[in-house]
2 protein chains.
Amino acid sequence: MKEQYPSELLQNAVDAISSLPGVGNRSALRLALHLLAQPKDHVHHFTNAINRLVDEVRYCNECMMISDSDHCSICSDRTRDHRTVCVVATVRDVMSIEATGQYRGVYHVLGGIISPINGIGPSDLTIRQLVERMKALSAGEGAKPEVILALSGDVEGETTSFYIYRQLAGLDVQVSTLARGLGFGDDLEYADSLTLGRSIINRQTFKP
Amino acid sequence: MKEQYPSELLQNAVDAISSLPGVGNRSALRLALHLLAQPKDHVHHFTNAINRLVDEVRYCNECMMISDSDHCSICSDRTRDHRTVCVVATVRDVMSIEATGQYRGVYHVLGGIISPINGIGPSDLTIRQLVERMKALSAGEGAKPEVILALSGDVEGETTSFYIYRQLAGLDVQVSTLARGLGFGDDLEYADSLTLGRSIINRQTFKP
């Protein structure tokens, strides 16, 4: 395949672009030729934005969220409830929950979930920092602090939730998890049977 | 939407990545976070490969193909037929024809096709260089030179082919175009009627 490319520079660029997840060789070639057709300034702006992201990104000291400073805008917001900490796997999860506009507490970004198959153990995540944080919160004044485990519902997510739950045992901390059940507006006919079954078992008081 | 991003650096990177064709905001965020999770060296290698491509790329003086030097490997190959020139729109077309392994002539890359709707006129393409090249070839020794117009079969491709044909009028040059008809292995039942009709009109002598 190597001799197909008319230029080593092109080959290298295609190889680099196709290392991105979900980008095959054909798309990579299309993107490389697209970049080549752009003004140089535009391409340098593109590569600079990526370089600056990886070189200059910082993480909030409090919640480990991507941030431009040592304290993210959420942790710096004094109007939010700093005694309710929502534990999520990634930055994207924070963005999803923030987009709902319904949560006024703060976050803790784990940086992944426990996944032995991918070689990710508890020490690769920010679980220790979470425990320290909750220890400090439960020693401080105010209402009983709460941890909301907002991890995925698969085996790895459940494992991580359980691990964190065990680590928090002994602290005066309320631990909760996301409500699971049928989505609002979901049709019973098309619901998967696990979710439907659980939503019957975990039925809630009708509040009209 | 702006306040959704926890970091301006992230926002800038997502904006840059989503400027690529076919990449939306969600994919761009996924790619940005993927790059952020890679070793820095890997990301710098990625951006360097792209920067070097746009900064250092050269074009063959002969055929205008992307190349690492002033003469591409095809034009430098003395075993190829340099009096048969296949005219294509883009670098990708050269790669497609080379991949067939059935063509032993050389190429001429136009850099696009005439497309008034996209503001591309004949002077934006390398048509003048093609005419000069064919003029030189027809003045030189050897067999009658041939131009193969290997452009797309749509209106813009046909317009470009016709324009080039007119420009070459007066030169002692054979002008041909790609055979069009049913693909090898195509089923009559599923062929589009234009192609099927043309392939009857342009029927060829049966050579068993």
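So, how was this worked out
Residues numbered from 1 in each chain as written. Chains lettered and ligands numbered in written order. Predicted model: local features only at pLDDT ≥ 70, side-chain atom pairs only at ≥ 80, totals over all residues. Heavy atoms only, no water. Pairing = 2+ DSSP bridges. Helix = DSSP H or I, 4+ residues; strand = E, 2+ residues; numbered from the N terminus. Axes fitted to C-alpha atoms, helices over the stretch in contact; angles between N-to-C directions. Contact = heavy atoms within 4.5 Å. Buried area = accessible area lost by both parts, 1.4 Å probe. Salt bridge = Lys/Arg side-chain N within 4 Å of Asp/Glu carboxyl O. Polar contact = N/O pair within 3.5 Å; in protein donor to acceptor, adjacent residues only side chain to side chain. Nonpolar A, V, L, I, M, F, W, Y, C, P; charged D, E, K, R; others polar. Buried < 20%, exposed > 50% of the residue type's maximum accessible area, 1.4 Å probe, protein only.

Peer 1: Can you break down the sheet that holds strand E5 (residues 146-149) of chain B residue by residue, with the values?
Peer 2: Residues and elements named next belong to chain B. Pairing within the open sheet is parallel, and its 4 strands lie in the order E4-E3-E5-E6. In this open sheet, the two edge strands, each paired with only one partner strand, are strand E4 (105-109) and strand E6 (174-177). For this sheet the average axis-to-axis angle between neighbouring strands, irrespective of direction, equals 25°. Pairing geometry for E5 and E6, over 4 bridges, is parallel. In the sheet register, valine 147 faces E6, and the bridge partner there is valine 175. In the packing of helix H5 (residues 127-139) onto the sheet, the strands contacted are strand E3 (81-88), E4 and E5, and the crossing angle to E3 comes to about 160°. Across the sheet, helix H6 (residues 155-168) lies against E3, E5 and E6, angled at about 165° from E5, the strand it touches most.

Peer 1: Outline the interface of chain B and chain A, listing residues and values.
Peer 2: Across the boundary between the two partners, chain B contributes 46 residues, which contact 46 residues of chain A. Both sides together, the interface formed by chain B and chain A hides about 4700 Å², and carbon and sulfur atoms give 72% of it. Counting every contact that joins chain B to chain A gives 0 salt bridges. For the pair chain B and chain A, the number of links is 8 residue pairs in polar contact (both at pLDDT 80 or more). Among the elements of the structure, helix H1 (8-17), helix H2 (25-37), helix H3 (40-56), strand E2 (66-67) and helix H4 (91-100) of chain B are those that each provide at least two residues to the side of chain B that touches chain A. Element by element, the count of residues in the side of chain B that touches chain A is highest for H3 of chain B, at 14 residues. Here the residues of the side of chain B that touches chain A are counted per class, giving 28 nonpolar, 10 polar and 8 charged.

Peer 1: Go over the pattern of salt bridges with me, naming the residues and quoting the values.
Peer 2: If charged atoms from side chains of opposite charge come close, those side chains can pair. Under the counting rule described, the total for this entry stands at 10 salt bridges over all chains. Put simply, arginine 80 of chain A and glutamate 98 of chain A hold a salt bridge, and the shortest N to O gap is 2.8 Å. Of this pair, arginine 80 of chain A sits in the loop between strand E2 (66-67) and strand E3 (81-88) while glutamate 98 of chain A sits in helix H4 (residues 91-100), and the two are 18 residues apart along the sequence. Overall, the relative accessible area of 7% leaves arginine 80 of chain A in the buried class. A salt bridge links aspartate 70 of chain B to arginine 58 of chain B, with the nearest nitrogen and oxygen atoms 2.9 Å apart. Remark: arginine 58 of chain B occurs in strand E1 (residues 58-59) and aspartate 70 of chain B occurs in the loop between E2 and E3; sequence separation between them is 12 residues. Given the relative accessible area of 33%, aspartate 70 of chain B is considered partly exposed. Look at arginine 58 of chain B and you get partly exposed, because its relative accessible area is 38%.

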